Amino acid sequence: MEAIEELSELSESMRQAAAVLADEDVDQTSSSSSKRSSTFLNVVTLGNVGAGKSAILNSLIGHPILPTGENGATRAPISINLARDSTLSTKSIILQIDNKSQQVSASALRHSLQDRLSKGRDEIYLKVHTSTAPSLKLIDLPGLEQRIMDSSMLSEHAEHNDAILLVIVPAAQAPEISSSRALRIAKEYDQEGTRTVGIISKVDQAVSNSKALAAVQALLLNQGPPKTSDIPWVALIGQSVSIASSQPGSDSSDNSLETAWRAESESLKSILTGAPRNKLGRVALVDALAGQICNRIKLRLPNLLSGLQGKSEIIQDELARLGEEMIGSTEGTRAVALELCREFEDKFLQHIMGGEGNGWKIVACFEGSFPNRIKQLPLDKHFEINNVKRVVLESDGYQPYLISPEKGLRSLIKGVLELAKEPSRLCVDEVHRVLMDIVSATANATPGLGRYAPFKREVVQIASAALDSFKKESMKMVIALVDMERAFVPPQHFIRLVQRRAFISKSGETSPQTGEQESEGIFRKIKNKLSKQEKEATKDVQEGSGLKTAGPGGEITAGFLLKKSGKTNEWGRRWFVLNEKTGKLGYTKKQEERHFRGVITLEECNIEEVADDEDDSSKSSKDKKGKGPSLVFKIISRVPYKTVLKAYSAVILKAESLADKTEWLEKLSNVVESKGGQVKVESSPPIKQSLSDSSLDTMARKPIDPVEELRWMSQEVRGYVEAVLNSLAANIPKAIVLCQVEKAKEDMLIQLYSSVR
């Protein structure tokens, strides 16, 4: 028993040394070690049902605390962490539960285990203090035939490289030891036999079986089958503890256990006359366990000593580099701490800026998961016509709308944009998790922090607290961005609905009786007007235009156009340059200037032809009537709320001749249409937003399909919502970078340095 106690101290020292090599906190590792930590003191039983596994462990413990029986009393794994306390009497058992100690009797503990085994199959953990047991960790597994004993449970307990495997075989089954499943499993996990101990149990029950006794003696003499010769074997009866505890007056005698163990040894000597005396009884079992534990320690010790020597050399070199006298003073400690913070900062910035480790995951959040979540929002469900009707009706209440369902459509827009909050929150959480992983990886990758485990924990704690505060700020920012878009809904969509109604009422598009006749008349008038304009345009085009072209393929066109000022409403002559390759139109005040005063991106624009009477309202009707084809056209944005040039949503231009206008429109149309834009040859006169009473009367007289009107309006609103979502998909990552990533690069590191005092 003293040998195992010495090995226990050596095992604990080796565990602490391994923790030092792994740059772990020794105290923290000891306090938070797992319930099945891989140590040299683990003992795992392997055997069939009724082999006497629990009885053998009771003999090791010195108390019959484990349930025994022929039909498989152990129905779930029982793990007992034994601690030897020489100050206790041989009959005392101290059970430790949650740092609280309680003295119990063996029978009470056994009955408690039987009750727990009958109710469930979960593993049971105990920590017991006694004076009779060696400091081992005993794991009593169910019989190998039981259903609960699958491969995962076996590997979970027996796969540890340093756990001792107890192969328990009844004496009656000794002649068939080669076919023992317990022995076969032990060989799978321990091919060299350096951590396996064989036990022949229930020898007293095979007294009349001479063949079995001969097989037992052959095993004890290492003369058994080849697969058993490299394993130390011990013979036991296994019931000595139960016998000692049942003797009258045993409670008052401290020597009853030693007497029972001595009696067991003498009984085995009389039964196995030819067997070695040092392989019989409980004392022989303890010595065999100590021998195998010593073998495992000898295997591990050289590698451990080599690692410690290398670690010592690294520490000595570091001390020589820093200077031994610095560590002894407060200033020296502060200097070392600041140096470690600088190392941590360099590693952290490498992750963020250079993409090392998990740094690329931040970009993946912005370019992958977040845009995908925005695209997967159920817009079709919300803009389905029946849902639009429901939202409009619920918003209007008992008094339906008369002109435009503005209240309902605003409610629909706010409801759909509300969906963007969840992807935004998830993006913030993902970036926060990535930053936390980067902090942990950086701390582990900083060599100096590994030598100062408490300081390493402090660094990680400060960085984590800073990142948590940044996450809260970022969450508020992205929610505010979404709420801003929800709060402001531009009125253009509702104005367009009123204009469309007025146009439908005048043209009669929705009237089934007169629609075709009126539309035929309109188209005939338009056709006649266009044919007349084409003749005049052909005449002017033949005269030739004054535009200039340049570039290898003539992709650059330049010439003068009149630009209408948005402030003074006056025309100004400007030199315009069109680059068809880049799709941009720039202008200068004079032809000689080299820097553009403004640039229009045609990729986002539409082009409309404007009548001269729209542009010049001061002329008399007689002057307007005799005027030729219009030379005016305008460039507008496809998205109503976006600008085309500076702060203006439309740019009105006027050519100096019809030929110039024709060539400009041809060049501009090619660019705009290639980018998906629209070109309207001639726009209809604008309809004033404020309708007169006569126009409202006309609207009332003309029948309008409300469902078709609502469908058209929902499509208009959907286009606006999609544009807003695209804007959020671009702006929310910028806010997250500003609130989390940039602050992690600056504010978090500042807090880290300021904590060093």
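Cut-offs applied
Residues numbered from 1 in each chain as written. Predicted model: local features only at pLDDT ≥ 70, side-chain atom pairs only at ≥ 80, totals over all residues. Heavy atoms only, no water. Helix = DSSP H or I, 4+ residues; strand = E, 2+ residues; numbered from the N terminus. Contact = heavy atoms within 4.5 Å. Areas by Shrake-Rupley, 256 points an atom, 1.4 Å probe, with all protein chains shown as cover. Salt bridge = Lys/Arg side-chain N within 4 Å of Asp/Glu carboxyl O. Buried < 20%, exposed > 50% of the residue type's maximum accessible area, 1.4 Å probe, protein only. Pairing = 2+ DSSP bridges. Axes fitted to C-alpha atoms, helices over the stretch in contact; angles between N-to-C directions. Parallel < 35°, antiparallel > 145°, perpendicular 65-115°, else oblique. Left-handed = near helix turned anticlockwise from the far one by under 90°. Nonpolar A, V, L, I, M, F, W, Y, C, P; charged D, E, K, R; others polar. Phe/Tyr/Trp six-rings, centres within 6.5 Å; stacked < 30°, edge-to-face > 60°. Lys NZ or Arg CZ within 6 Å of the ring centre and 35° of its normal. Core = buried A, V, L, I, M, F, W, Y, C linked by side-chain atoms within 4.5 Å.

*Asks:* Can you walk me through the overall build of the protein chain in this structure?
*Replies:* If you tally the helices and strands in the protein chain, you get 27 helices and 18 strands. Considering only residue pairs separated by 6 or more positions, the protein chain has 75% of its internal contacts joining residues 24 or more positions apart. If you sum the accessible surface of the protein chain, you get close to 39300 Å²; carbon and sulfur atoms cover 50% of it.

*Asks:* Explain the pattern of salt bridges here, please?
*Replies:* Where charged atoms from two side chains of opposite charge approach closely, those side chains can pair. For the structure shown, the criterion picks out 19 salt bridges. Of the charged contacts in the structure, one is a salt bridge between K187 and D230, with a shortest N-O distance of 2.9 Å. Of the two residues, K187 is situated in helix α6 (residues 181-189) and D230 in the loop between α7 (210-220) and β9 (233-235); the sequence distance between them amounts to 43 residues. By relative accessible area, which is 18% here, K187 ends up buried. By relative accessible area, D230 is classed as partly exposed at 33%. Between K661 and E609 there is a salt bridge, with its nearest N and O atoms 2.2 Å apart. Residue K661 is located in helix α24 (residues 658-674), and its partner E609 is located in strand β15 (residues 605-610); the two are separated by 52 residues in the primary sequence. Within this structure, E418, K421, D483 and R486 form a network of salt bridges that share partners.

*Asks:* Just to check I follow, could you spell out the pairing of strand β4 (residues 100-104) for this structure?
*Replies:* For a regular strand, side chains alternate in direction, first toward one face of the sheet and then toward the other. As paired elements, strand β3 (residues 93-97) and β4 share 5 bridges and run antiparallel to each other. The partner of I97 across the bridge, within β4, is K100. In this structure, the hairpin formed by β3 and β4 is closed by a connection of 2 residues, where D98 is found at a positive phi of approximately 50°.

*Asks:* How should the packing of helix α17 (residues 421-445) against helix α19 (residues 453-487) be read in this particular structure?
*Replies:* The angle between the axes and the distance between the axes are what describe a pair of packed helices. Between α17 and α19, the least distance of the axes is 9 Å, while the angle of their chain directions is 165°. Classed by the angle they form, the pair α17 and α19 counts as roughly antiparallel. Pair α17 / α19 crosses with right-handed handedness. Split into classes, the residues belonging to the contact of α17 with α19 amount to 12 nonpolar, 5 polar and 8 charged.

*Asks:* Help me out: how do you make sense of the packing of aromatic side chains in this one?
*Replies:* Remark: the centre distance and the inter-plane angle together describe each pair of aromatic rings, the angle taken between the planes. Scanning the entire structure with this criterion turns up 3 aromatic pairs. Considering the side-chain rings of F344 and F348, the 6.3 Å spacing of their centres and the 15° angle between planes classify their relative orientation as stacked. Here F344 pairs with F348, and both are found in helix α12 (residues 330-354), just 4 residues apart, close to one helical turn. Assessed through its relative accessible area of 1%, F344 is described here as buried. For F348, a relative accessible area of 0% corresponds to the buried category. In this structure, R573 is placed above the aromatic ring of F560, and the distance from its NZ or CZ to the ring centre is 3.6 Å. Of note, K654 hangs over the ring of W571, and the distance from its end group to the ring centre comes to 5.7 Å.

*Asks:* Help me understand the nonpolar core, please; the structure alone is not making it clear to me.
*Replies:* Note that soluble globular proteins tend to have their nonpolar side chains buried in a common cluster. In this structure, F344, I362, V721, L725, I736 and M748 are the most contacted members of the largest nonpolar core, which totals 62 residues. Going through the elements one at a time, α12, α13 (360-375), α15 (385-396), α16 (406-418), α17, α19, α26 (706-745) and α27 (747-754) are the ones with two or more residues in this core. At 13 residues, the largest contribution of residues to this core is made by α26. Apart from the residues lying within four places of it in its own chain, the contact partners of I362 are I352, V434, L435, I438 and V741. Ranked by size, the runner-up nonpolar core spans 47 residues in total, among them L60, V104, I199 and V234.

*Asks:* Teacher, can you tell me more about the sheet that holds strand β7 (residues 164-170) here?
*Replies:* Two orientations exist for strands paired in a sheet by backbone hydrogen bonds: parallel and antiparallel. The 9 strands lie next to each other as β4-β3-β5-β2-β6-β1-β7-β8-β9, forming an open sheet whose pairing is mixed. Strand pairing shows two members of the sheet lacking a second neighbour, β4 and β9, which therefore form its edges. On average, each strand axis in the sheet is inclined to that of its neighbour by 25°, with strand direction left out of account. Packing of α6 onto the sheet brings it into contact with β1 (42-46), β7 and β8 (196-201), and relative to β7 it is tilted by some 165°.

*Asks:* Please explain α6 as it appears in this structure.
*Replies:* Side chains of residues three or four places apart in an α-helix project in the same direction, reflecting 3.6 residues per turn. Within α6, burial applies to A182, L183, I185, A186 and K187. Those residues of α6 that are buried are in contact with β1, α5 (151-158), β7 and β8.

*Asks:* Just to check I follow, could you spell out the side chain of T442 for this structure?
*Replies:* Checked against the element boundaries, T442 lands in helix α17. When sequence neighbours within four positions are dropped, the list of residues in contact with T442 reads F344, K347, F348 and H351.

*Asks:* I'm lost on the pairing of strand β6 (residues 137-140) in this one. Help?
*Replies:* Taking every second residue as pointing to the same face, both faces of β6 are buried, with K137 and I139 on one and L138 and D140 on the other. Sheet topology note: the β1/β6 ladder contains 3 bridges and is parallel. When the bridges of β6 are listed, V43 appears paired with L138. Bridge count between strand β2 (residues 78-84) and β6: 4 bridges; the pairing is antiparallel. Residue N81 lies in a different strand from β6, and its bridge partner there is K137.

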